[in-house]
Amino acid sequence: MDRHAWRDLGSRPLFFPALSLTLGAHSAPATTVAPSAFLVCGALLGALGLALPRLPGAHLTVLLALWATGAGLASWEARVEVPAKLAAGGPAMLEGETERVERFDGTTRVRVAVARAGAPDASLEPARFRVSLSVRGDVMELLPGQRVRVETRLAPDAPPANPGEKDFGVARRRQGVVFTGGTDAGRLLVLSPAPGWRSVLEETRARLAVAVHAVAPSRDAAALFLTLAAGQRAELDDAWEEAFSRAGLAHVLSVSGLHVAALALMTLALLRRGLVRAGARWRKLDARQVAAPAAVPFVWAYVLFTGNQPPAVRSAVMATVVLLGLALWRRADGLNGLAAAAVVLVAWAPSSVVDLSLRLSFLAVLGLVLLSPALRQALPLAPPDPREPRRVRRLWGQARETVAQTLSASAAATLAGLPVVASAFGRVSLAGLVSNVVALPLCGLLTGLAAGGAALFVVAPVLATPVLWAGAWASELLLAITRLFAAAPLATVEVPELGGVAAALYAAGLLTWSLGTGRWRWGGWLTPVALVGAVLVPRLMPEPGLRVTFLSVGQGDAVVLSSRGHHALVDGGGVPGGMDTGARFVLPFLRHQGISRLDLAVLSHPHPDHALGLASALTQVTTERLWLPAGDVDGPLTRQVVAAAREARVEEVQAGHSPLRLGEATLEVLGPPGPEQRELLEGVNDRSVAVLVRHGDVTVLLAGDVEEDGEATLVDGLGPVTVVKAPHHGSRTSSTEALLERTRPRHVVFCVGRRNRYGFPHPEVEARYRAQGSECWRTDLDGAVTVESDGKDVRLVSFLAREPSPTEARVAVGEGHPHRWDDDFRGPRSPAVDGRTQEHARPR
């Protein structure tokens, strides 16, 4: 492996043009310029630069032309035309072509390129946008490329509402997807059949799945093999995806560069060997010149059969460049191949510049090309001597070198992608440094068996059976290796998000160390400095004595309490048969806050909108204690939460339970009442665990979903409180006059979902709180609401800036956002630095 230098970047003719095109595609959606303007400017600048090549700066003109071209292509893809009546969403009739069909248990996710749209009872108008639909019911005949008409209810993409939550809307908006929606299979009408080749392909995949399951030693082994042979990743259990991630082998679960590169090399070797043995007619030609271009169709056939996954397309382009170069007696070059892949992908799908798997794939290859040789040179191991006369010592040296290069490559891929991995997942796998060395040969073999088995199955299913059997057992072995490394101590470590400045310093350190010479290599110290700074700076920031965050998890509750390094989680939201609120909202927030362990988890009551997300979160984050409502511990939801909590100390709590110290705060249990009173409460809501959090003079009441009868049992133990979570999401049957008169909260938080079908919070309830002088906060409008306490006073911070609701007193115009005023407070909320968060401090 030869180490690269700075000058090598300029000597690659495609590197900087591809970089300009990619940067243009990345920056375009941030502007309001029309796509045609970008494309015209790109054409004019390109023509000028090419016509006057000898002028100073002509090459910069060409690079600027490529930037404008990338921006134009990205803007063109993101361009939408939505009928005015549908701009805000709502009921709609859509007609268009299906682009993507993904099947899950009981639900099918369909992306439709809409050509005509309108209200259900009106004529359809021309339109141009995409919509992501969740279809309930059986739509097994639905395939990409079909014309459909569907009645649905459109919902505009909402921005992230919680710290740490990923903005999936960014990638969707770049693809022209401006709405999501749901419908039933009966409301979807197929107007045209799928293309013939698509039907044949799907039918072949289905038959291949049956054949693999028939010979596989386990369902999981069959699912893994089908992931590589047919791109059917949805069959693999979520627990295995987590295990592969912990083991550092997550790249195995998608048809990525590893698989395509292995297939290209094996196909090339087999074709060369076949041509050499073919006879005299081929002796006048070099077998490599013939075999290299002949291998290209096999590579692209595999990519097509497995679903055109972006990392696979990237690797196929690189493999094509390398193979055609070999046919022309050109030396393969990783940088040029990577640049060519970037050009093709940006031209084909400009939105791919923000695709997470593709970004990680490109960074991994860039790390292999630029960083891996430098890491290998840094290892204190001498390269093997090819002139070593002793065979055993020569083989030993070659094996040691193979391990060293594989270890360097694994470390290079990990280091290159670390800022993106930290931002997306909040952790990095250390086990991957070793697991890839062990599993790489098996992955190469498995790729050959998967691609070869699929190809044989298309030609002669009987002949493919032994290959499918071998591939399924190889998958079983890889699962065993994955299980072993995933269970290893320190398999993964938590990594904080670096942020823009730290990520730039980190990348600059890697580049100067890997490409620089002499004193320039001292710039490599920027990388560890950036990592240490990302870890230490948040710890040096002053923290409040108590922080309580009411997360926006849709129609449900999820509350995180933190005090001096101690943490508790009360509920986790949940949608029966729908979104995993624990994985989508709770876990990203915990990672964003650096919380990897809980002192306490509380299930207020066993309803899905409180329990499902809590169970999901506890599978990833351990807790020392788990509180359950006394008398309601035998249901399936409760058992699911208990199973997820694993080794936690499970306690059934009721009024009078011993208070728990959480840092500087104290948690007192006010409900449910004792057995005698509890028997009189008919509803599960009224038997919720109610907790009063005390921090000096500040009190926060978390009353679960208690309604009128349950509130009556709490009143005797309550006095004025600072903040109250509105019981039962602000329903009409809760927040009684008696409770409000007793507590007189300064702030009330309604945990409700956007446009929820219950109409929560009820306007009468919200007005009742305002009449008491309470400041009202809503997670559907404010996003996550955070209470910060110093023991004497509180400050409330909302994650989202919003327009005031009609029930609020009046609006005053401030610096960045409209500010909300209250009848009993004459001061505005001040917008925070990021432009989204609002804060409000009210001393008394």
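Cut-offs used in this document
Residues numbered from 1 in each chain as written. Predicted model: local features only at pLDDT ≥ 70, side-chain atom pairs only at ≥ 80, totals over all residues. Heavy atoms only, no water. Helix = DSSP H or I, 4+ residues; strand = E, 2+ residues; numbered from the N terminus. Rg over C-alpha atoms; globule rule 2.2 N^0.38 Å. Buried < 20%, exposed > 50% of the residue type's maximum accessible area, 1.4 Å probe, protein only. Contact = heavy atoms within 4.5 Å. 1 Å grid on protein atoms, 1.4 Å probe; cavity = no way out; pocket = protein on both sides within 12 Å on 5 of 7 lines; lining within 4 Å. Points joined across faces, edges and corners; volume = space filled by probe spheres on them. Nonpolar A, V, L, I, M, F, W, Y, C, P; charged D, E, K, R; others polar. Core = buried A, V, L, I, M, F, W, Y, C linked by side-chain atoms within 4.5 Å. Expected span 1.5 Å × (residues − 1). Pairing = 2+ DSSP bridges. Axes fitted to C-alpha atoms, helices over the stretch in contact; angles between N-to-C directions. Polar contact = N/O pair within 3.5 Å; in protein donor to acceptor, adjacent residues only side chain to side chain. Phe/Tyr/Trp six-rings, centres within 6.5 Å; stacked < 30°, edge-to-face > 60°. Lys NZ or Arg CZ within 6 Å of the ring centre and 35° of its normal. Salt bridge = Lys/Arg side-chain N within 4 Å of Asp/Glu carboxyl O. Disulfide = S-S within 2.5 Å. Parallel < 35°, antiparallel > 145°, perpendicular 65-115°, else oblique. Left-handed = near helix turned anticlockwise from the far one by under 90°. Arc of directions from axis to C-beta.

### Considerations on the overall build of the protein chain
Okay, step 1: Scanning the protein chain for helices and strands turns up 26 helices and 27 strands.
Okay, step 2: The globule rule puts the C-alpha radius of gyration for 844 residues at 28 Å, and the 30 Å found for the protein chain is close to it.
Okay, step 3: Dimensions of the protein chain, computed from the C-alpha atoms along their principal axes, are close to 100 × 65 × 65 Å.
Okay, step 4: In the protein chain, which comprises 844 residues, the share counted as buried stands at 50%.
Okay, step 5: Partitioning the contacts of the protein chain with sequence separation of at least 6, the portion at a separation of at least 24 is 68%.

### Structural notes on the layout of surface pockets
Okay, step 1: The computed volume of the second largest pocket comes to approximately 670 Å³.
Okay, step 2: Taken together, 24 residues make up the lining of the second largest pocket; nearest its centre are Phe298, Ala451, Gly452, Ala454 and Ala455.
Okay, step 3: Going through the elements one at a time, α6 (196-215), α9 (257-276), α10 (287-305) and α15 (432-459) are the ones with two or more residues in the lining of the second largest pocket.
Okay, step 4: Broken down by element, the lining of the second largest pocket gets its largest block of residues, 10 residues, from α15.
Okay, step 5: Per-class residue counts for the lining of the second largest pocket are 20 nonpolar, four polar and no charged.

### Regarding the nonpolar core
Okay, step 1: Counting 46 residues, the largest nonpolar core has Leu208, Leu224, Phe225, Phe244 and Leu478 as the members making the most contacts within it.
Okay, step 2: Of all the elements in the fold, those that place two or more residues in this core are α6, α7 (219-230), α8 (238-246), α10, α15 and α16 (461-486).
Okay, step 3: The element that contributes the greatest number of residues to this core is α16, accounting for 10 residues.
Okay, step 4: Apart from the residues lying within four places of it in its own chain, the contact partners of Leu208 are Leu226, Ala229, Ala230, Phe305, Ala454, Phe457 and Leu468.
Okay, step 5: If you look at the next biggest cluster of nonpolar residues, it comprises 31 residues, including Ala611, Leu618, Ala645 and Phe799.

### Some points on α7
Okay, step 1: Helix length check: α7 (12 residues) gives 16 Å between terminal C-alpha atoms against 16 Å at 1.5 Å per residue, within 8%.
Okay, step 2: Burial analysis of α7 places 10 of its 12 residues in the buried class, which makes it a mostly covered element.
Okay, step 3: Every buried residue of α7 is accounted for by Ala221, Ala222, Ala223, Leu224, Phe225, Leu226, Thr227, Leu228, Ala229 and Ala230.

### Remarks on the environment of Asp716
Okay, step 1: Considering the arrangement of structural elements, one finds Asp716 in the loop between α23 (708-714) and β19 (723-725).
Okay, step 2: Separated by 26 residues in sequence, Asp716 and Arg742 place their C-alpha atoms 8.7 Å apart.

### Comments concerning the sheet that holds strand β16 (residues 665-671)
Think of a sheet as strands paired side by side through backbone hydrogen bonds, with each pair either parallel or antiparallel.
Okay, step 1: Pairing in this open sheet of seven strands is mixed, and the strands run β15-β16-β17-β18-β19-β20-β21 from one edge to the other. Edge positions in the sheet fall to β15 (660-662) and β21 (775-778), since each of these pairs with one other strand and no more. The average angle at which neighbouring strand axes cross in this sheet is 20 degrees, direction not considered.
Okay, step 2: Bridge analysis of β19 against strand β20 (residues 747-750) gives three bridges, and the strand direction is parallel. Bridging from a neighbouring strand, Lys725 pairs with Val749 of β20.

### Here we look at the side chain of Thr549
Okay, step 1: Note on placement: Thr549 falls in strand β9 (residues 546-550).
Okay, step 2: What makes Thr549 buried here is its relative accessible area of 2%.
Okay, step 3: A polar contact is formed between the side chain of Thr549 and the side chain of Thr786, at a distance of 3.3 Å.
Okay, step 4: In this structure, Thr549 is in contact with Ala558, Val559, Val560, Phe589, Ala784, Val785 and Thr786, ignoring residues within four places of it in sequence.

### Notes on the pairing of strand β23 (residues 794-798)
Okay, step 1: Counting buried positions over the five residues of β23 gives four, a clear majority of the element.
Okay, step 2: Bridge count for strand β22 (residues 785-789) against β23 is five bridges, and the pairing is antiparallel. Within β23, the residue paired with Ser789 across the bridge is Val794.
Okay, step 3: Hairpin remark: β22 followed by β23, antiparallel, with four residues in the connecting loop; positive phi at Gly791, about 95 degrees.

### Considering the packing of aromatic side chains
Note on aromatic pairs: each is described by the distance of the centres and the angle between the planes.
Okay, step 1: Under the counting rule described, the total for this entry stands at six aromatic pairs.
Okay, step 2: Aromatic pair Phe38 and Trp67: ring centres 5.9 Å apart, planes at 70 degrees, arrangement edge-to-face. Highlighted residues: Phe38 in helix α3 (residues 35-51) and Trp67 in helix α4 (residues 58-78), separated in sequence by 29 residues.
Okay, step 3: Between Arg205 and the ring centre of Phe305, over which it is positioned, the NZ or CZ distance is 5.8 Å.
Okay, step 4: Against the face of Trp513 rests Arg521, its NZ or CZ located 4.6 Å from the ring centre.

### With respect to the pattern of salt bridges
Okay, step 1: One pass over the full model with this rule turns up 28 salt bridges.
Okay, step 2: The salt bridge partner of Arg111 is Glu99, with a shortest N-O separation of 3.1 Å. Placement of Arg111 in strand β2 (residues 107-118) and of Glu99 in strand β1 (residues 90-104) is noted, with a sequence separation of 12 residues between them.
Okay, step 3: Of the charged contacts in the structure, one is a salt bridge between Arg744 and Glu741, with a shortest N-O distance of 4.0 Å.
Okay, step 4: If you follow the salt bridges from partner to partner, you end up with Glu95, Arg116, Arg147 and Arg149 in one network.

### Comments concerning the state of the cysteines
Okay, step 1: Inspection of the entire model under this criterion finds zero disulfides.
Okay, step 2: Left without a disulfide partner, Cys751 is nearest to the cysteine sulfur of Cys776, which lies 13 Å away.

### Section: the packing of helix α14 (residues 391-425) against α15
Okay, step 1: Running from N to C, α14 and α15 point in directions that differ by 130 degrees, and their axes come no closer than 9 Å. For the element pair α14 / α15, the angle class is oblique. Judged by the twist between their axes, the crossing of α14 over α15 is right-handed. Across the interface between the two elements, Val403, Thr406, Leu407, Ser410, Ala411 and Thr414 from α14 touch Gly432, Leu433, Asn436, Val437 and Leu440 from α15.
Okay, step 2: Considered class by class, the residues forming the contact of α14 with α15 number six nonpolar, five polar and no charged.

### Comments concerning the side chain of Gln555
Okay, step 1: With respect to the helices and strands, the residue Gln555 is situated in the loop between β9 and β10 (559-563).
Okay, step 2: A polar contact of 3.0 Å, which involves the side chain of Gln555, links it to the backbone nitrogen of Gly753.
Okay, step 3: Those residues in contact with Gln555 that lie beyond four places of it in its chain are Gly574, Asp609, His729, Cys751, Val752, Gly753, Asn756, Tyr758 and Phe760.

### Notes on the environment of Gly453
Okay, step 1: Looking at the element boundaries, Gly453 is found in helix α15.
Okay, step 2: Considered as a pair, Gly453 and Val212 are 241 residues apart in the sequence and their alpha carbons are 9.7 Å apart.
Okay, step 3: Beyond its immediate chain neighbours, meaning those up to four positions away, Gly453 contacts Gly448, Ala464, Val467 and Leu468.

### Looking at α8
What sets the pattern is the α-helix's 3.6 residues per turn: residues three or four places apart point alike.
Okay, step 1: Restricting attention to buried positions, one finds in α8 the residues Trp240, Ala243 and Phe244. Down the axis of α8, the buried side of the element spans an arc of 100 degrees, and every buried residue falls inside it. Residues of α8 that are exposed and angled more than 90 degrees away from the buried face: Asp238 and Ala239.
Okay, step 2: Tucked inside the fold, the buried residues of α8 contact α7 and α16.
Okay, step 3: Of the residues one or two after α8, Gly248 is the one with positive phi, at around 75 degrees.

### Quick word on unusual backbone geometry
Okay, step 1: Looking along the chain, the bond that leaves Gly671 and enters Pro672 is cis, with omega of 5 degrees.
Okay, step 2: Considering the arrangement of structural elements, one finds Pro672 in the loop between β16 and α22 (675-678).
Okay, step 3: Note that the residue after Phe760, namely Pro761, is joined by a cis bond; omega there is -5 degrees.
Okay, step 4: With respect to the helices and strands, Pro761 occurs in the loop between β20 and α25 (763-771).
Okay, step 5: Of note in the backbone geometry, Ser735 takes a positive phi value of approximately 50 degrees without being a glycine.
Okay, step 6: Looking at the secondary structure, you find Ser735 in the loop between β19 and α24 (737-743).

### Observations regarding the environment of Ala327
Okay, step 1: As for its placement among the helices and strands, Ala327 is situated in helix α11 (residues 310-327).
Okay, step 2: In this structure Ala327 comes out as buried when scored by relative accessible area, which is 16%.

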